[in-house]
Amino acid sequence: MTTTTTDERALAELQREHGPALFHFLLGLTFGDRQRAEDLLQETLVRAWQHPEAFDGPYESMRPWLFTVGRRLAIDARRSRLARPAEVGDVVLECAPAATDTAESAAAALDVREAVRALSPEHRSVLVQIYFRGLSVGETAQVLGIPAGTVKSRSYYALRLLSRNLPGYSSRSSARSSASSSAASATAA
């Protein structure tokens, strides 16, 4: 099968006559991206080379045909870029956090649930309001109908009990977490 292509001299003449105007048109379609405009110009000229029948059209100039082909190529290129996910560089990948082990976090969640269930109902209700529902000490006191000082005290002792009952916690880390929890509770009141 033989394919017919445009004569090289005719194509060179086409590029000289219409290339600059087509390039500026494509530059506008690519929002000033010279590299993309040059690529689209080259692809438009390849299409003109592949379709010699366009030169025999009933119009005086090839410019409308070239601009139509260039515009359609620009639209296709834009759609193609929008359809695929954005590329991520190496710098972004290096800064991304490492994937967490879901098995470890699931096991830790089960440990926390079991330790919370072992608390007295009074201590558990205070922790649920403060840590699981995100209420302040004052709001927790209102919901539970107890003084704010009692909420602080119960949360302190509940956290101490949790630190003892949770595997992997030492008495030093429990003292630190209790102190920071108490400080956070005191500032929330």
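Keep in mind that what you see is a predicted model, and the values were worked out from it rather than measured. (Residues numbered from 1 in each chain as written. Predicted model: local features only at pLDDT ≥ 70, side-chain atom pairs only at ≥ 80, totals over all residues. Heavy atoms only, no water.)

**As for the packing of helix α1 (residues 8–29) against helix α3 (residues 63–83)**
Selection rule: Each axis is a line fitted through C-alpha atoms, and for a helix only the stretch in contact is used; angles between axes span 0 to 180 degrees, taken between their N-to-C directions. The secondary structure listing takes helices from DSSP runs of H or I that are at least 4 residues long and strands from runs of E that are at least 2 residues long, numbered from the N terminus. Note on convention: near helix rotated counterclockwise from far helix by under a right angle means a left-handed crossing. Clockwise means right-handed. Any two residues having at least one pair of non-hydrogen atoms within 4.5 Å are treated as being in contact. Each residue receives one of three labels: charged for Asp, Glu, Lys and Arg, nonpolar for Ala, Val, Leu, Ile, Met, Phe, Trp, Tyr, Cys and Pro, and polar for the others, Gly being one of them.
Following both chains from N to C, one finds α1 and α3 inclined at 35°, their axes separated by 10 Å at the closest point. Read as a crossing pair, α1 and α3 show a hand that is right-handed. Between α1 and α3, the contacting residues are L14, E17, H18, A21, L22, F25, L26 and L29 on the first element and R63, L66, F67, G70, R71 and A74 on the second. Of the residues in the contact of α1 with α3, the class split is 9 nonpolar, 2 polar and 3 charged.

**Some points on the packing of α1 against helix α2 (residues 34–50)**
α2 packs onto α1 with a crossing angle of 140° between their chain directions and a minimal axis gap of 10 Å. The crossing of α1 and α2 is right-handed. Where α1 abuts α2, its residues L11, L14, Q15, G19, L22, F23, L26 and L27 lie against R34, A37, E38, L40, L41, T44, L45, A48 and W49. In terms of residue class, the contact of α1 with α2 is made up of 12 nonpolar, 3 polar and 2 charged.

**Examining the packing of aromatic side chains**
Inclusion rule: The aromatic pairing rule takes the rings of Phe, Tyr and Trp, using the six-membered ring of Trp, and pairs them if the centres are within 6.5 Å, calling planes under 30 degrees apart stacked, those over 60 edge-to-face and the rest tilted. Partly exposed describes any residue whose relative accessible area lies between the buried limit of under 20% and the exposed limit of over 50%, with all areas from a 1.4 Å probe on protein chains only and scaled to the type maximum.
Considering all chains together, one arrives at 2 aromatic pairs under this definition. Their ring planes at 80° and their centres at 5.0 Å tell us that Y156 and Y157 sit as a pair that is edge-to-face. Residue Y156 is classed as partly exposed on the basis of its relative accessible area of 28%.

**Examining the layout of surface pockets**
Rolled over the atoms, a probe with the dimensions of a water molecule shows which regions are left empty. Using the following cut-off: Definitions used for this entry: grid spacing 1 Å over protein atoms alone; cavity, a set of points where a 1.4 Å probe fits but cannot get out; pocket, an open set with protein on both sides within 12 Å along at least 5 of 7 lines; lining residue, one with an atom within 4 Å of a point. Grid points are joined across faces, edges and corners, and a volume is the space filled by probe spheres set on the points.
If you add up the space inside the second largest pocket, you get close to 190 Å³. In terms of lining, the second largest pocket is formed by L29, T30, F31, R36, D39, L40, R71, A74, I75, A77, R78 and R81. When contributions to the lining of the second largest pocket are tallied by element, the ones reaching two or more residues are α2 and α3. With 6 residues, α3 is the single largest residue contributor to the lining of the second largest pocket. Considering only residue class, the lining of the second largest pocket consists of 6 nonpolar, 1 polar and 5 charged.

**Considerations on the pattern of salt bridges**
Selection criterion: By salt bridge we mean one thing: a side-chain nitrogen of Lys or Arg within 4 Å of a carboxyl oxygen of Asp or Glu.
Enumeration over the complete set of coordinates arrives at 4 salt bridges. Notably, a salt bridge pairs R16 with E13, separated by 3.1 Å at the nearest N-O pair. Here the residue R16 and the residue E13 both occupy positions in helix α1, the gap between them amounting to 3 residues, near one helical turn. Take E13: its relative accessible area is 39%, and that puts it in the partly exposed class. R117 is paired through a salt bridge with E114; the nearest N and O atoms lie 3.5 Å apart. Note that R117 and E114 are positioned in helix α5 (residues 102–117) at a spacing of 3 residues, about one turn of the helix.

The values reported here are purely geometric and, on their own, carry no functional implication.
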